[in-house]
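Below are the chains, spelled out letter by letter.
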Amino acid sequence: MIQVFGTSVQGASHIRSGRECQDSLKKVVRDSGAVILAVADGHGSDSCPYSKTGSFAAVNVFCKIMDDYLETYTGQQEMLFTFLKREGDTKIAQEIDAEWKRRVLRLHAKCKREIPMQEDGSKDKEAVYRLYGSTLLGLVITEEFLFAFQLGDGDIMKVSEAGIYNVIEPDKILGTETHSLSKAESWKKAITLIRRREEKEKRPVMYMLSSDGLANSYRDDGEFQKTCLDYYALLKEHGVKAVSNQLKVWLQETSEMGCGDDITALFAYETV
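Quantities reported herein were computed from a predicted structural model and do not represent experimental measurements.

A.B. asks: What's the story with the side chain of Ser-182 in this structure? I'm lost.
C.D. replies: Turning to its location among the elements, Ser-182 is positioned in the loop between strand 7 (163-166) and strand 8 (191-196). Once residues lying within four places of it in the same chain are set aside, the contact partners of Ser-182 are Trp-100, Lys-101, Glu-126, Tyr-129, Arg-130 and Gly-133.

See the structure below:
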């Protein structure tokens, strides 16, 4: 059984400056037991005034696209695994990129916001996308496989009795300025991973998607991983309800004592 929970908190520095939380999260639990998780972090800079809307669109796009694929391939998990292995970092990433941009343009028009014009008189869509800049983390967990997607910063972690590791290694994302859905051909910067699940995999298992505000609130990767292990231990000892009830308070304290950024943490906790 997989239990899913999480929350977003406004960063301590954002509270002081009066800036809203730019993070978004979404979860889908299907009747089959498969779950879809998504976390997005709007850039929040002055050049991205609508990045909260951008992050909200991002998590909805990922969950809708992956839910549609799970529905289409109902009862054909091996075919879906093969498709995602072959097309995850191309076709899937392209679909996410294109659909996010379509939704941003639609939302921009719906809000009656001005669209900048280029010198040749055409609409400058790229300038519109930049106003909504966001990263995206996504995870699909089924009985048969795990599919992960990452564009930009943040972390997708797995913790079990066997240890802790990054589902997608963060050092593959280069540079100090994060990759963004708002950039042209953003899909080329996406990293995906698909892995079969071992029948004898030790339970319980905790998966955690978190915006970069969490890891950046710690001195180094070791301190961040220790916190992930602490969450795992709390879940084993006290259960999902107790941890879920306290999560917002803990994340607020982490932001206050750490980098001051917004923090989102979304968990999938699987027991026997």
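A.B. asks: In this structure, what is going on with the pattern of salt bridges? I would like to understand it.
C.D. replies: Opposite charge on two side chains permits them to pair, given that their charged atoms come into close proximity. Applying the stated criterion across every chain yields a total of 17 salt bridges. Linking Arg-30 and Glu-71 is a salt bridge whose minimum nitrogen-to-oxygen distance equals 2.9 Å. Of the two residues, Arg-30 sits in the loop between strand 2 (23-29) and strand 3 (35-41) while Glu-71 sits in helix 2 (residues 51-72), which places them 41 residues apart along the sequence. By relative accessible area, which is 16% here, Arg-30 ends up buried.

A.B. asks: Would you mind showing me how to read the packing of aromatic side chains here?
C.D. replies: We describe a pair of aromatic rings using the distance from one ring centre to the other and the angle between the two ring planes. Per the counting criterion, the structure on display carries 8 aromatic pairs. With centroids separated by 6.1 Å and ring planes inclined at 25°, the aromatic side chains of Tyr-73 and Phe-83 adopt a geometry described as stacked. On the criterion of sequence distance, the pair formed by Tyr-73 in the loop between helix 2 and helix 3 (77-110) and Phe-83 in helix 3 is long-range, its members being 10 residues apart. For the pair Tyr-73 and Phe-83, one class covers both residues: buried. Linked through ring pairs, Phe-5, Tyr-231, Trp-250 and Phe-267 together constitute an aromatic cluster. Across from the ring centre of Tyr-129, 5.4 Å away, lies the NZ or CZ of Lys-101, which sits over that ring. One residue, Arg-113, lies across the ring of Tyr-50, its end atom 3.6 Å from the ring centre.

Calculation criteria
- Residues numbered from 1 in each chain as written.
- Predicted model: local features only at pLDDT ≥ 70, side-chain atom pairs only at ≥ 80, totals over all residues.
- Heavy atoms only, no water.
- Helix = DSSP H or I, 4+ residues; strand = E, 2+ residues; numbered from the N terminus.
- Contact = heavy atoms within 4.5 Å.
- Salt bridge = Lys/Arg side-chain N within 4 Å of Asp/Glu carboxyl O.
- Buried < 20%, exposed > 50% of the residue type's maximum accessible area, 1.4 Å probe, protein only.
- Phe/Tyr/Trp six-rings, centres within 6.5 Å; stacked < 30°, edge-to-face > 60°.
- Lys NZ or Arg CZ within 6 Å of the ring centre and 35° of its normal.

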